[in-house]
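# Coordinate inspection notes
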Amino acid sequence: MKSKRIIIAIDGYSSTGKSTMAKWLARTIGYAYIDTGAMYRAVTLYCIENGLFNGDEVNLTALEQALPRIAITFEADDEGRTLTLLNGRNVEGEIRSMRVSDKVSVIAAIGFVRRDMVRQQQAMGREKGIVMDGRDIGTVVFPEAELKIFVTADAQVRAQRRYDELRGKGDDSITLEEVYRNVTERDRIDTTRAESPLRQAADAIVLDNSRLTIEEQNRWLLDHFNQCVIAGE
Ligand code: DC
């Protein structure tokens, strides 16, 4: 008998490796993967490129008018990696840069932006068989998701991981302290904002991966997925 396809919601703090684990899980079990952070990042890049930012302030009227013209789509490259497209242009690299990371929390705190993103995300999950990662997936986007995982790790460990990743991409303009400040500042904004703050859903399972290897983490994910699917049959 073919197993029932479910929705897997992965939420948690910045730089906990949510996307890496969500991508791996989706590939392993043959599900679609959606990185919702990439959507907020793409909107942020649009605002930067179109002069909608004045310092950390964004022109809300202009953004609300522009929103219907901001199309965010995903596409796989030749190696099967997911690329984020902003109005058809590949922005996968740019949306991970510090200039976007520095401003994305401002965009993610805007109610009308969130409502629009949530609507698109819910449409993407209509057929189930999806792994979606973000901050509000188990609480707002899919409160009825069959499997909810809340990922956390020490802020120092997360900063080091992000720093190594930026270095690996050739960005040596930034210090570990700056990355640590960015990570903790995003935690603060993400957990205290009025609109859909990051919080653990009551029925989410916590995964603290500060001291887990990738292999241990993958085993943990697969075990929980299998348990969830078996329990639902
Ligand atoms: O996961 P990430 O670091 O790429 O997310 C970028 C930002 O977007 C982060 O500040 C939190 C925010 N975000 C959100 O508010 N809701 C989501 N579903 C996903 C990301």
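Residues numbered from 1 in each chain as written. Predicted model: local features only at pLDDT ≥ 70, side-chain atom pairs only at ≥ 80, totals over all residues. Heavy atoms only, no water.

Take the site of the ligand next. Surveying the vicinity of the ligand reveals 14 residues, the closest of which are T36, R41, R114, D136 and R193. Note that a nitrogen atom of the ligand is positioned 2.8 Å from one of the side-chain N or O atoms of D136. Residue R186 places a side-chain N or O atom 3.0 Å away from an oxygen atom belonging to the ligand. With respect to the pocket detection grid, the ligand is positioned in the largest pocket. The set of elements that each furnish at least two residues to the shell around the ligand consists of helix 2 (36–49), helix 5 (104–108) and helix 9 (176–192). (Near = heavy atom within 4 Å. Polar contact = N/O pair within 3.5 Å; in protein donor to acceptor, adjacent residues only side chain to side chain. 1 Å grid on protein atoms, 1.4 Å probe; cavity = no way out; pocket = protein on both sides within 12 Å on 5 of 7 lines; lining within 4 Å. Sits in = over half its atoms within 2 Å of the grid points. Helix = DSSP H or I, 4+ residues; strand = E, 2+ residues; numbered from the N terminus.)

We now examine the packing of aromatic side chains. Throughout the structure, instances matching the rule amount to 2 aromatic pairs. Geometrically, the ring pair formed by Y13 and F150 is edge-to-face, given 6.0 Å between the ring centres and 80 degrees between the ring planes. Placement of the pair is Y13 in the loop between strand 1 (7–12) and helix 1 (18–29) and F150 in strand 9 (residues 147–152), with a sequence separation of 137 residues. Accessibility expressed as a relative area gives 6% for F150, which makes it buried. Here Y31 and F225 contribute two aromatic rings whose centre-to-centre distance is 5.8 Å and whose plane-to-plane angle is 90 degrees, an arrangement assigned as edge-to-face. Note that Y31 is positioned in the loop between helix 1 and strand 2 (32–35) and F225 in helix 10 (residues 214–231), a separation of 194 residues in sequence. Residue Y31 shares its accessibility class with F225, and that shared class is buried. Over the ring of F53 we find K103, and its NZ or CZ is 5.5 Å from the ring centre. (Phe/Tyr/Trp six-rings, centres within 6.5 Å; stacked < 30°, edge-to-face > 60°. Buried < 20%, exposed > 50% of the residue type's maximum accessible area, 1.4 Å probe, protein only. Lys NZ or Arg CZ within 6 Å of the ring centre and 35° of its normal.)

So, on to helix 8 (residues 155–168). Because an α-helix completes one turn every 3.6 residues, residues spaced three or four positions apart along the sequence face the same direction. The first and last C-alpha atoms of helix 8 sit 20 Å apart over 14 residues, in line with the 20 Å expected at 1.5 Å per residue. Those residues of helix 8 not exposed but buried are A155, R158, A159, R162, Y163 and L166. Looking down the long axis of helix 8, one finds its buried residues gathered within 135 degrees of arc, a one-sided arrangement. Of the surrounding secondary structure, the elements contacted by the buried residues of helix 8 are helix 2, helix 4 (98–101) and helix 9. (Expected span 1.5 Å × (residues − 1). Arc of directions from axis to C-beta. Contact = heavy atoms within 4.5 Å.)

It is worth spelling out the side chain of S15 at this point. Along the chain, the position of S15 falls in the loop between strand 1 and helix 1. For S15, the residues in contact, after removing those within four places along its chain, are R158, R161, R162, V183 and R186.

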